[in-house]
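Okay, here's what each chain looks like letter by letter:
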Amino acid sequence: MLNVALPKGRLGDKVYSLFASIGYECPSMNEDNRKLVFESTEKNVRYLLVKPSDVAIYVERGAADIGVVGKDTLLETTPDVYELLDLKLGKCSLAVAARNGWIDDVSAPLRVATKYPNVAQTYFATQNRQIEIIKLNGSIELAPILGLSDVIFDIVETGTTLRENNLSVYTTVAQSSARLIANKSSYQFKAGIIDDICRRIEERL
Ligand code: PRP
């Protein structure tokens, strides 16, 4: 049985549709309930619905053999897993954003609100810019509006959240999309089925 960690939510739905379309369907996934584990003995696959930011932990520790996670999360947490494929889903960018018309005062450390402290530290170090990280867990856009930070370092997908809060992108730092990852020993011991999934996805993409 291959354990597949899917990110719960919109991206997970798209990824499951992709897996179903390449022959790894699991009919119980379409039931409207609060279950977190769905199994198809016929296809030899078990889907686990995991909080998106936890997928890499399940895969790194072998609780799941493979999983799907955003490149943004991989950059932030650098888990010890194999990155097998870019699924070209969930595309977004990692960007520095600020209030419209904001001007950087380079004489003071820049206060950066973010869910991505490690990626932000690395980026601003390359810019030789002194910063102070304010680690938040969501609604990052509030921080510059309330004066909690000068800028935010966050993902931008459609740009709607920025626009509707009178913020705009200052610099785009990296691109992100969903990646298929594998546990390192599962990749040896379950090579047959993992390779089959990769090959079919590549054909489909
Ligand atoms: C993410 C991100 C932005 C928003 C960007 O938040 O942190 O707030 O999506 O998307 P957009 O460019 O399409 O508007 P998420 O929805 O994950 O919620 P959160 O604020 O709880 O982190």
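Structural data are supplied above this passage.
Parameters at a glance
Residues numbered from 1 in each chain as written. Predicted model: local features only at pLDDT ≥ 70, side-chain atom pairs only at ≥ 80, totals over all residues. Heavy atoms only, no water. Disulfide = S-S within 2.5 Å. Phe/Tyr/Trp six-rings, centres within 6.5 Å; stacked < 30°, edge-to-face > 60°. Helix = DSSP H or I, 4+ residues; strand = E, 2+ residues; numbered from the N terminus. Patch = residues over 30% accessible without salt bridge, like charges linked within 9 Å, V, L, I, M, F, W, Y side chains within 5 Å. Areas by Shrake-Rupley, 256 points an atom, 1.4 Å probe, with all protein chains shown as cover. Salt bridge = Lys/Arg side-chain N within 4 Å of Asp/Glu carboxyl O. Lys, Arg positive; Asp, Glu negative; His and termini not counted. Charge placed at Lys NZ, Arg CZ, Asp CG, Glu CD. Buried < 20%, exposed > 50% of the residue type's maximum accessible area, 1.4 Å probe, protein only. Pairing = 2+ DSSP bridges. Polar contact = N/O pair within 3.5 Å; in protein donor to acceptor, adjacent residues only side chain to side chain. Near = heavy atom within 4 Å. Core = buried A, V, L, I, M, F, W, Y, C linked by side-chain atoms within 4.5 Å. Contact = heavy atoms within 4.5 Å. Axes fitted to C-alpha atoms, helices over the stretch in contact; angles between N-to-C directions.

Caption draft 1: Molecular detail of the state of the cysteines. Within the structure shown, the criterion is met by zero disulfides. Of all cysteine sulfurs in the structure, the one in cysteine 26 sits closest to cysteine 198, which takes part in no disulfide; the separation is 19 Å.

Caption draft 2: How the structure looks around the packing of aromatic side chains. Here the structure, examined in full by the defined rule, presents seven aromatic pairs. With centroids separated by 6.3 Å and ring planes inclined at 35°, the aromatic side chains of tyrosine 123 and phenylalanine 153 adopt a geometry described as tilted. Of this pair, tyrosine 123 sits in helix H4 (residues 117-126) while phenylalanine 153 sits in strand S9 (residues 151-156); the two residues are 30 residues apart in sequence, bridging distant segments of the chain. Counting every residue linked through ring pairs, the aromatic cluster contains Tyr16, Phe19 and Tyr47.

Caption draft 3: A positive patch on the surface, seen in detail. A contiguous patch of positive charge on the surface is contributed by Lys8, Arg34, Lys51, Lys115 and Lys135. Looking at the secondary structure, you find lysine 115 in the loop between strand S7 (110-114) and H4.

Caption draft 4: Representation of the pairing of strand S4 (residues 66-70). Burial within S4 is extensive, with five of its five residues counted as buried. Judged by which residues are buried, S4 turns out to be covered on both faces: Ile66, Val68 and Gly70 on one side and Gly67 and Val69 on the other are all buried. Pairing between strand S1 (residues 2-7) and S4: two bridges, direction parallel. Within S4, the position partnered with alanine 5 by the bridge is glycine 67.

Caption draft 5: Quick peek at the side chain of serine 149. For serine 149, the position within the fold is in the loop between helix H5 (142-145) and S9. Under the relative-accessibility criterion, serine 149 is labelled buried at 0%. From its side chain, serine 149 meets the backbone oxygen of valine 151 in a polar contact 2.9 Å long.

Caption draft 6: Representation of the site of the ligand in the model. Looking at the ligand, the residues that line it are Lys115, Gly138, Ser139, Glu141, Asp154, Ile155, Val156, Glu157, Thr158, Gly159, Thr160 and Thr161. With respect to the ligand, the backbone of serine 139 contributes an N or O atom lying 2.7 Å from an oxygen atom. Within the side chain of aspartate 154, one N or O atom sits 2.6 Å away from an oxygen atom of the ligand. Coverage of the ligand by the protein amounts to 65% of the 500 Å² it exposes when considered alone.

Caption draft 7: Examining the nonpolar core more closely. Within the largest apolar cluster, 26 residues are counted, with the highest numbers of intra-cluster contacts made by Phe19, Tyr47, Ile66, Leu87, Leu180, Ile197 and Ile201. Broken down by secondary-structure element, the contributors of at least two residues to this core are S1, helix H1 (10-21), strand S3 (45-50), S4, strand S11 (178-182) and helix H8 (191-204). Ranked by the residues each element gives to this core, the list is headed by H8, at five residues. The contacts of leucine 87, once residues within four sequence positions are left out, are Val15, Leu18, Val68, Ala178, Leu180, Ile201 and Leu205. One finds Leu94, Trp102, Ala120 and Phe124 within the second-largest nonpolar core, a separate group that totals 14 residues.

Caption draft 8: Broad picture of the sheet that holds S11. The mixed open sheet is built from six strands, whose spatial order is S2-S3-S1-S4-S11-S5. In this open sheet, the two edge strands, each paired with only one partner strand, are strand S2 (37-40) and strand S5 (82-86). This sheet shows a mean twist of 25° between the axes of neighbouring strands, independent of strand direction. Pairing geometry for S1 and S3, over six bridges, is parallel. Counted as the bridge partner of leucine 2 is valine 45 from S3.

Caption draft 9: Looking closely at the sheet that holds strand S8 (residues 131-135). Reading across the sheet, the five strands line up as S8-S7-S9-S6-S10 and stay open at both edges, with mixed pairing between neighbours. Pairing within the sheet leaves two strands with one partner each, and these edge strands are S8 and strand S10 (167-176). Taken pair by pair, the neighbouring strands of this sheet meet at an average axis angle of 25°, ignoring direction. Relative to S9, S7 runs parallel, the two being bridged by three bridges. Within S9, the residue paired with threonine 114 across the bridge is phenylalanine 153. Docked against the sheet, H4 engages strand S6 (92-99), S7, S8, S9 and S10, running at close to 165° with respect to S8.

Any functional reading would require information that these geometric values do not contain.
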